[in-house]
Amino acid sequence: TEHEFKFVLKLEGEEEIAAACDKWEPIRQGYLYLAKGVSHRVRAAGSSKVKYTMTFKKNAKTRTVEVETDLDARDFNDLWPDTIQRLHKVRHYLRHRNWLYEIDSFKDYLNRTYFLMAELEMPEGHRPPENLPSVLSKHLLLRVPLTDCRFASKFIADPRHATELYQRLAEGKKLGANHDSDS
């Protein structure tokens, strides 16, 4: 079991952050099933060598159980038309000390970035480092509380929802409490 610590970043920092990263890959992701506390998705990650996966996530008490399995291209392509919520993003990888930060640029239908968020997966019981890599900290808008489901990818996949969240953060407005964990 891991915890995913998320950090919302300023859109204007995208190029600088990307330049600091080791590598990147495009990701197409679609959800076959969504409900409160449950998601079932398929994903294609990479360009020249694509990795296909299917992932089931379920909130269980204070943690999220995640089960992932590899797919072949045929299975992915057969399942893709049945997805009910889709997203396209570019994921950049930034190694800092002993940790790997994944920075996702969520893309709209014109391939414009509408949301920028870093994620750090750590073993259960660990706390995220106080000091983020400088390229992230200088563009930080919000350290997302672990229990705030509004920043789950299945919700950020909706550009209207994500843009509204981003605008409120960028304007310095409070988002209000959200303590329903829903990955």
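The structure displayed is predicted, hence computed values, not measured ones.

Trainee: Help me understand the pairing of strand β7 (residues 99-107) in this model?
Mentor: Each regular strand displays side chains that alternate between the two surfaces of the sheet. Among the nine residues that make up β7, seven are buried, leaving the element largely enclosed by the rest of the structure. The sheet contact formed by strand β6 (residues 85-96) and β7 spans nine bridges and is antiparallel. Paired with His96 across the two strands is Trp99, which belongs to β7. The antiparallel hairpin formed by β6 and β7 contains two residues in its connecting segment, where Arg97 sits at a positive phi of about 55°. Here β7 pairs with strand β8 (residues 113-123) via seven bridges, running antiparallel. Bridge assignment links Ser105 to a residue of β8, and that residue is Leu116. Hairpin connection, β7 to β8: the antiparallel pair is bridged by five residues, and Asn111 has positive phi, about 65°.

Trainee: I would appreciate a short explanation of empty space enclosed by the protein in the present structure.
Mentor: Vacant regions in the atomic arrangement are exposed by a probe of water-molecule size rolled over the atoms. For the coordinates displayed, the defined rule picks out one cavity of 30 Å³ or more. Each pocket or cavity is described by its volume, and for the largest cavity that value is around 30 Å³. Lining the largest cavity, in full, are Lys6, Asp104, Phe106, Met117, Ala118, Glu119 and Ser153. Mapped by element, the contributors of at least two residues to the lining of the largest cavity are β7 and β8. In terms of residue count, the dominant contributor to the lining of the largest cavity is β8 (three residues). Broken down by class, the residue content of the lining of the largest cavity amounts to three nonpolar, one polar and three charged.

Trainee: Would you explain the sheet that holds strand β2 (residues 23-35) in this entry?
Mentor: Strand pairing in a sheet takes place through backbone hydrogen bonds and is either antiparallel or parallel in direction. Strand order in this open sheet of nine strands is β5-β4-β3-β2-β6-β7-β8-β1-β9, and the pairing throughout is antiparallel. Two strands close off the open sheet at either side, each with one partner strand: β5 (63-71) and β9 (140-144). In this sheet, neighbouring strand axes are inclined to one another by 30° on average, regardless of whether the strands run parallel or antiparallel. Lying on the sheet, helix α5 (residues 159-170) is in contact with β1 (2-9), β8 and β9; it crosses β8 at an angle near 85°.

Trainee: How do you make sense of the packing of aromatic side chains when you look at a structure like this?
Mentor: Within a pair of aromatic rings, the relevant descriptors are the distance that separates the centres and the angle that separates the planes. Within the structure shown, the criterion is met by seven aromatic pairs. Measuring from centroid to centroid gives 6.3 Å for Phe106 and Phe115, while their planes differ by 70°, and the two rings are edge-to-face. Accessibility classification places Phe106 together with Phe115 in one group, the buried group. A ring pair is formed by Phe115 and Tyr166, whose centres lie 6.5 Å apart and whose planes are at 80°; its orientation type is edge-to-face.

Trainee: For this particular structure, what's the right way to read α5?
Mentor: Note that an α-helix has 3.6 residues per turn; residues three or four places apart therefore point the same way. Taking 1.5 Å per residue as the helical rise, α5 with its 12 residues ought to reach 16 Å, and the 16 Å between its terminal C-alpha atoms agrees with that figure. Among the residues of α5, Ala162, Leu165, Tyr166 and Leu169 are the ones counted as buried. Along the axis of α5, the buried residues cluster in a sector spanning 95°; they form a single face. Within α5, the exposed residues directed more than 90 degrees away from the buried face are Arg160 and Glu164. For α5, the capping residue at the N-terminal end is Asp158, with a side-chain oxygen 3.0 Å from the backbone nitrogen of Arg160. Following α5 by one or two positions, Gly172 adopts a phi angle in the positive range, close to 75°.

Definitions and cut-offs
Residues numbered from 1 in each chain as written. Predicted model: local features only at pLDDT ≥ 70, side-chain atom pairs only at ≥ 80, totals over all residues. Heavy atoms only, no water. Buried < 20%, exposed > 50% of the residue type's maximum accessible area, 1.4 Å probe, protein only. Helix = DSSP H or I, 4+ residues; strand = E, 2+ residues; numbered from the N terminus. Pairing = 2+ DSSP bridges. 1 Å grid on protein atoms, 1.4 Å probe; cavity = no way out; pocket = protein on both sides within 12 Å on 5 of 7 lines; lining within 4 Å. Points joined across faces, edges and corners; volume = space filled by probe spheres on them. Nonpolar A, V, L, I, M, F, W, Y, C, P; charged D, E, K, R; others polar. Axes fitted to C-alpha atoms, helices over the stretch in contact; angles between N-to-C directions. Contact = heavy atoms within 4.5 Å. Phe/Tyr/Trp six-rings, centres within 6.5 Å; stacked < 30°, edge-to-face > 60°. Expected span 1.5 Å × (residues − 1). Arc of directions from axis to C-beta. Polar contact = N/O pair within 3.5 Å; in protein donor to acceptor, adjacent residues only side chain to side chain.

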